[in-house]
Amino acid sequence: MFDYNFHWRPVMKSLPDLLEAGLTTIQIAVLSMVFGVIIGLALALMRMNMRGPATWFASTWIEVARNTPALFQLFFFGFGLGAIGVHLSPHTIVLAALSFNCAGYLAENFRGGFQAIPETQIRAARSLGMTAWQAYTRIIIPQVFRIVYHPLTNQMVWAVLMSSLGMLVGFRELSGETQALASRTYRIFEYFAVTAIIYYVIVKLILGASRLLATRLFRY
Amino acid sequence: MIEIRGLEKYFGTLQVLKGIDLTVPKGEVLSIVGASGSGKSTLLYCINALEEIQAGSVSVDGTDVHAKSTDINALRQKLGMVFQQWNSFPHLTALENVALSPRIVKGKTKAEARDIAATRLEHVGLGDKLNVYPNALSGGQQQRLAIARALAMEPEYMLFDEATSALDPELVGEVLDTMRLLAEEGMTMICVTHEMSFARDVSDRVAFFHQGVIEEINTPDKIFGAPKSEHLQKFLANVR
């Protein structure tokens, strides 16, 4: 009835390779979050404060990023751009797609954050002689950051998990690496079981680090 | 000296200020009273250019507040403002709330800004709350924090926008006492207020606003003792 024999030796032997690929996963997730935060912030501000093409551009980005499958967005940067002659490396494709996706989601989080800050906070800051830039960077954004902190952590987790799509464009992050090694040894189940655990540990580490950071950052 | 000439302000098609003329000399404490929606607060916002104006002019010590060429951030340092909703910055301690603008606007060093902030907080009776975050302060304490924050910029004028209106009744006194203290020290103040006893006891002059115009302006004795305008008489009968 159940005649599958588990063989863990191959996967244990390639554990160093898997862990290294795990680092690649963390790296690509962190990078796309950095871009995602910067672009997302810009998109949110464009959507809220500007008119004409800038708002239109920001809205389109946010709508597409949030309302189409992440896989399709990845394929666009891979095969879509490839079809018109723009060939990016697998690393760049994944980074671009993840950043695009994160920026869209984060922009909406930021927008909600900005709207939660009473407008009178700006007035108070400006009445003290601060420039608009100072009021935003010293008063508004730190408060917004606290509001979006947990959504930001969620997005970071999501970026780690979503990066597994990278294997479909030939990127050797954790899933890509696992797929390559598994198909060489035919120990598919064992490999992906171990990889699932590695993903789990990575996510737990991120959540733990985020919680620790929160107690240091937000003392009010 | 603050000079306001023919000031008109619209929100869309609604005219909230219909030609205000007002001069506030150095050292004067002016209270502005009147019903809600009569334009009192809007006038304050026009004085430090938090609101744009549509006609007339506002000048502070001879500088046209609304002129394009005016460095408004520099000018605002002369004009401290205290808001109805306190507006303490929740992510900063009391000390940081007060020290921030001396440091980043006036370019004081960290140590200087800390000293200024500590002195100002002491002044308003919050000397023991330096490292407390605003959410651990009562409304009255937060409002005194806001006063200390405005004073840290060493303003020459203070604008109070219904500074006690959002406070629980038992907390009004401590804020009014702080304002009284400032008045005694010779600060030039324009106070939009619903506290008639404050207006009567502390101000040099009281202005009564009605539907976007100053309907009556005079000494507290005359305003409260012998009001001329019918609207003012009605208003006083209602608030008493």
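Residues numbered from 1 in each chain as written. Chains lettered and ligands numbered in written order. Predicted model: local features only at pLDDT ≥ 70, side-chain atom pairs only at ≥ 80, totals over all residues. Heavy atoms only, no water.

A.B. asks: Looking at this structure, how should I read helix H9 (residues 174-185) of chain A?
C.D. replies: Residues spaced three or four apart along an α-helix face the same direction, because each turn holds 3.6 residues. Residue and element names in this part refer to chain A. Taking 1.5 Å of rise per residue, the 12 residues of H9 would be expected to cover 16 Å, and the 17 Å separating its terminal C-alpha atoms lies within 8% of that figure. Its buried side turned inward, H9 meets helix H2 (15-49) and helix H10 (188-217). One side-chain oxygen of the residue at the start of H9 lies 2.9 Å from the amide nitrogen of Ser 175, identifying that residue as Glu 173. (Helix = DSSP H or I, 4+ residues; strand = E, 2+ residues; numbered from the N terminus. Expected span 1.5 Å × (residues − 1). Contact = heavy atoms within 4.5 Å. Polar contact = N/O pair within 3.5 Å; in protein donor to acceptor, adjacent residues only side chain to side chain.)

A.B. asks: What's the story with the interface of chain B and chain A in this structure? I'm lost.
C.D. replies: Interface size, as often reported, equals the accessible area lost upon joining of the parts. Counting residues at the interface gives 27 residues for chain B, matched by 18 residues for chain A. Interface area, chain B with chain A, both sides summed: about 2100 Å², of which 60% is carbon and sulfur. Its largest share of buried area at the contact with chain A, chain B owes to Phe 89, His 91 and Ile 104 of chain B, together 27% of the area lost on that side. Summed over the shared surface of chain B and chain A, the result is 1 salt bridge. Across the salt bridge formed by Glu 51 of chain B and Arg 123 of chain A, the nearest N and O atoms sit 2.5 Å from each other. The tally of links from chain B across to chain A stands at 6 residue pairs in polar contact (both at pLDDT 80 or more). (Buried area = accessible area lost by both parts, 1.4 Å probe. Salt bridge = Lys/Arg side-chain N within 4 Å of Asp/Glu carboxyl O.)

A.B. asks: What's the story with the packing of aromatic side chains in this structure? I'm lost.
C.D. replies: Aromatic ring pairs: the centre-centre distance and the angle between the two ring planes describe each pair. In the structure shown here, the tally under the stated rule is 14 aromatic pairs over all chains. Their ring planes at 55° and their centres at 5.6 Å tell us that Phe 6 of chain A and Phe 189 of chain A sit as a pair that is tilted. Linking Phe 6 of chain A in the segment before helix H1 (9-13) with Phe 189 of chain A in helix H10, this pair joins segments that are 183 residues apart in sequence. Between Phe 208 of chain B and Phe 235 of chain B, the ring centres sit 5.3 Å apart and the planes meet at 45°, which makes this aromatic pair tilted. Placement of Phe 208 of chain B in strand E9 (residues 205-210) and of Phe 235 of chain B in helix H9 (residues 230-239) is noted, with a sequence separation of 27 residues between them. Following the ring pairs from residue to residue traces out a cluster consisting of Phe 57, Trp 61, Phe 76, Phe 77 and Phe 100 of chain A. Positioned above the aromatic ring of Phe 224 of chain B is the side chain of Arg 200 of chain B, whose terminal nitrogen or guanidinium carbon lies 5.0 Å from the ring centre. (Phe/Tyr/Trp six-rings, centres within 6.5 Å; stacked < 30°, edge-to-face > 60°. Lys NZ or Arg CZ within 6 Å of the ring centre and 35° of its normal.)

A.B. asks: Whenever I open this one, unusual backbone geometry confuses me. Can you help?
C.D. replies: Generally, phi is negative for residues other than glycine and the peptide bonds are trans, each holding for most cases. All names here are of chain B. One non-glycine residue, Asn 87, lies in positive phi territory at about 55°. Following the sequence through the fold, Asn 87 ends up in the loop between strand E6 (79-82) and helix H3 (94-104). If you check the backbone angles, Gln 211 has positive phi at about 50° while not being a glycine. Locating Gln 211 in the fold gives a position in the loop between E9 and strand E10 (213-218).

A.B. asks: Just checking my understanding: could you explain the packing of H2 of chain A against helix H3 (residues 53-67) of chain A for this structure?
C.D. replies: Each pair of packed helices can be summarised by the angle the axes make with each other and by the distance between the axes. Residues and elements named next belong to chain A. Relative orientation of the contacting elements H2 and H3 amounts to 130°, with a least axis distance of 8 Å. Judged by the inter-axis angle, H2 sits oblique to H3. Handedness of the crossing formed by H2 with H3: left-handed. Residues Ile 39, Leu 43, Met 46 and Arg 47 of H2 touch H3, and the partners they reach there are Ala 54, Thr 55, Phe 57, Ala 58, Ser 59, Trp 61, Ile 62 and Glu 63. (Axes fitted to C-alpha atoms, helices over the stretch in contact; angles between N-to-C directions. Parallel < 35°, antiparallel > 145°, perpendicular 65-115°, else oblique. Left-handed = near helix turned anticlockwise from the far one by under 90°.)

A.B. asks: What is the right way to look at the sheet that holds strand E2 (residues 14-24) of chain B in this model?
C.D. replies: Sheet strands pair by backbone hydrogen bonding; their relative direction is either parallel or antiparallel. Residues and elements named next belong to chain B. Spatially, 4 strands are ordered E2-E1-E4-E5 in an open sheet, and the strand pairing comes out antiparallel. Of all the strands in the sheet, the pair left with one neighbour each is E2 and strand E5 (63-64). In the packing of helix H1 (residues 40-47) onto the sheet, the strands contacted are strand E1 (2-11), E2 and strand E4 (55-60), and the crossing angle to E1 comes to about 115°. (Pairing = 2+ DSSP bridges.)

A.B. asks: Would you take a moment to explain the sheet that holds E10 of chain B for this structure?
C.D. replies: All names here are of chain B. The strand order across the open sheet formed by 6 strands is E6-E7-E8-E3-E9-E10, and the pairing between neighbours is mixed. Of all the strands in the sheet, the pair left with one neighbour each is E6 and E10. Averaged over neighbouring strand pairs, the angle between their axes works out to 20° when direction is ignored. Relative to strand E8 (residues 188-192), strand E3 (residues 29-34) runs parallel, the two being bridged by 4 bridges. Within E8, the residue paired with Ser 31 across the bridge is Cys 191. Docked against the sheet, helix H5 (residues 139-151) engages E6 and strand E7 (157-161), running at close to 170° with respect to E6.

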